[in-house]
Amino acid sequence: METRSVFVTIAGRANAGKSSLLNRLVGEKIAMVTEKPQTTRTKITGVLTEGELQYVFIDTPGIQKARNKLGEHMNRAVSESVTGIDAIIYMADVTKKINEIDRNALEAFKGGKAPVILALNKIDLLENKAEAAERIAEFSEIAEFHSVIPISVSEDDGIDILKSEVKALAVPAPHYFPDESVTDQPEKVIMAEIIREKAMLLMHDEIPHGIAVTIEQLDESETRSGEDILNITATIFCERDSHKGMVIGKGGAMLKKIGQLARTELEEFFRIRVNLQLWVKVKEDWRNREGLIRNFGLSNNTK
Ligand SMILES: Nc1nc2c(ncn2[C@@H]2O[C@H](COP(=O)(O)OP(=O)(O)OP(=O)(O)O)[C@@H](O)[C@H]2O)c(=O)[nH]1
Ligand SMILES: [Mg+2]
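Residues numbered from 1 in each chain as written. Chains lettered and ligands numbered in written order. Predicted model: local features only at pLDDT ≥ 70, side-chain atom pairs only at ≥ 80, totals over all residues.

### Structural notes on the site of ligand 1
Then, number 1: Neighbouring residues of ligand 1: 23 residues in total, closest G17, S19, S20, T40 and G62.
Then, number 2: It is helix 1 (residues 18-26) that provides the largest number of residues to the shell around ligand 1, a total of three residues.
Then, number 3: Looking at side-chain class alone, the shell around ligand 1 contains seven nonpolar, twelve polar and four charged residues. (Near = placed C-beta within 6 Å. Helix = DSSP H or I, 4+ residues; strand = E, 2+ residues; numbered from the N terminus. Nonpolar A, V, L, I, M, F, W, Y, C, P; charged D, E, K, R; others polar.)

Shown next as structure tokens:
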């Protein structure tokens with residue numbers, strides 16, 4: 001059988017819905033999603049195989065005006081993901097006016113070879129569909145697109161059209177990932193991300209952005225009734241003592257809530273009972289410390 005593959009990078013400003021799109025395309029929740037900007041911190045590969053064709057989607061962090069070293073790493077993760085691929089899906093929230101970040105990103109893509117598909121997301125939020133036309137006009141003034149597709153990831157609207165546009169760009173090539181895989185993320189990374197997502201969802205202001213999670217210990221045992229159980233010990237890092245207090249909450253209430261939400265999702269994802277132990281530690285200003293950024297697996301230095 002002659003096989004084909006297509007590599008597509010999903011890029012755009014924070015909160016546009018890139019990770020939601022990745023999850024929708026591969027049919028499983030492999031990337032974390034929150035209503036807060038700057039949720040995704042590294043590139044995440046999603047794989048979808050349909051017969052001879054393998055799609056490889058790369059979700060990237062929202063492009064930002066970097067305010068710390070972590071932000072610089074995140075932007076680098078985007079720029080390194082837009083070369084050597086077959087297409088770029090540039091995703092934008094249709095309800096937001098274009099800005100400098102869109103302009104600069106699209107200008108930078110002009111130097112590359114990959115065709116750019118503009119996906120205008122969240123059309124479900126438009127009262128008047130004519131607003132989409134306004135946005136299309138704005139974007140068309142600053143760049144040329146392979147195609148422009150209004151979509152709603154949450155309503156599953158227009159995703160098929162987007163997929164068929166991508167499919168048309170596939171090239172004869174081997175399948176680079178096993179046909180049954182949905183992501184190349186190691187299990188520990190997925191575990192840490194599920195916990196981080198819950199902490200991000202429940203925390204406010206600056207706290208969610210200063211959270212990192214590591215898995216300290218992982219083993220499987222049997223309960224007394226003979227059921228398999230996965231024992232996970234994880235640490236939630238935050239940037240200040242005052243943040244630590246908030247993450248733990250009154251009488252440990254917040255940490256318990258994070259743990260409950262995370263455990264439910266971990267059990268669903270890994271289809272096994274989970275025993276989750278959470279610790280909270282402080283690493284001051286870690287988002288500006290290269291060594292810590294690297295330890296948390298967030299470094300983008302290609303060495
Ligand atoms: N109304 C509406 N909301 C959506 C849609 N798609 C995504 N969202 C919401 O938009 C928010 C951001 O979604 P994400 O998928 O995390 O966005 P992202 O682009 O990956 O964000 P970063 O990782 O921060 O760059 C979440 O609250 C989603 O539920 C959509 O089609 N319609
Ligand atoms: Mg994301």
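That shown, we press on.
### Re the sheet that holds strand 8 (residues 212-222)
Then, number 1: Taken together, three strands build an open sheet; the order of strands is 8-9-10 and the sheet is mixed. Unpaired on one side and paired on the other, strand 8 and strand 10 (273-282) mark the two borders of the sheet. Ignoring strand direction, the axes of neighbouring strands in this sheet form an average angle of 15 degrees.
Then, number 2: As defined by bridge partners, strand 9 (residues 228-238) adjoins strand 10 across ten bridges and the pair is classed as parallel. Bridge pairing in strand 10 links F237 to K281. (Pairing = 2+ DSSP bridges. Axes fitted to C-alpha atoms, helices over the stretch in contact; angles between N-to-C directions.)

### Looking at the environment of D219
Then, number 1: In this structure, D219 sits in strand 8.
Then, number 2: Placed 13 residues apart in sequence, D219 and I232 show a C-alpha to C-alpha distance of 6.9 Å.

### Considering the nonpolar core
Then, number 1: Counting residues in each nonpolar core, the largest one holds 75 residues, and the members touching the most others are V8 and I236.
Then, number 2: In terms of residues, this core owes the most to one element, helix 6 (residues 187-202), which gives seven residues.
Then, number 3: Each of domain 1 (4-172) and domain 2 (187-295) contributes no fewer than three residues to this core.
Then, number 4: Every residue in contact with V8, bar those within four places of it in the chain, is listed here: Y55, F57, I58, I85, D86, A87, I89 and V166. (Core = buried A, V, L, I, M, F, W, Y, C linked by C-beta atoms within 7 Å. Buried ≥ 20, exposed ≤ 12 C-beta atoms within 10 Å, placed from the backbone. Domains from an automatic or database assignment. Contact = placed C-beta atoms within 7 Å.)

### Re the environment of A14
Then, number 1: Of note, A14 is situated in the loop between strand 1 (4-12) and helix 1.
Then, number 2: Through-space distance from the C-alpha of A14 to that of K257 is 26 Å; in sequence the pair is 243 residues apart.
Then, number 3: Beyond its immediate sequence surroundings of up to four residues, A14 is in contact with P37, Q38, G62 and Q64.

### As for the domain arrangement of the protein
Then, number 1: By domain assignment, the protein separates into domain 1 (4-172) and domain 2 (187-295).
Then, number 2: If you look at the interface, domain 1 gives nine residues, while domain 2 gives eleven residues.
Then, number 3: Counted by class, the side of domain 1 that touches domain 2 contains two nonpolar, five polar and two charged residues.

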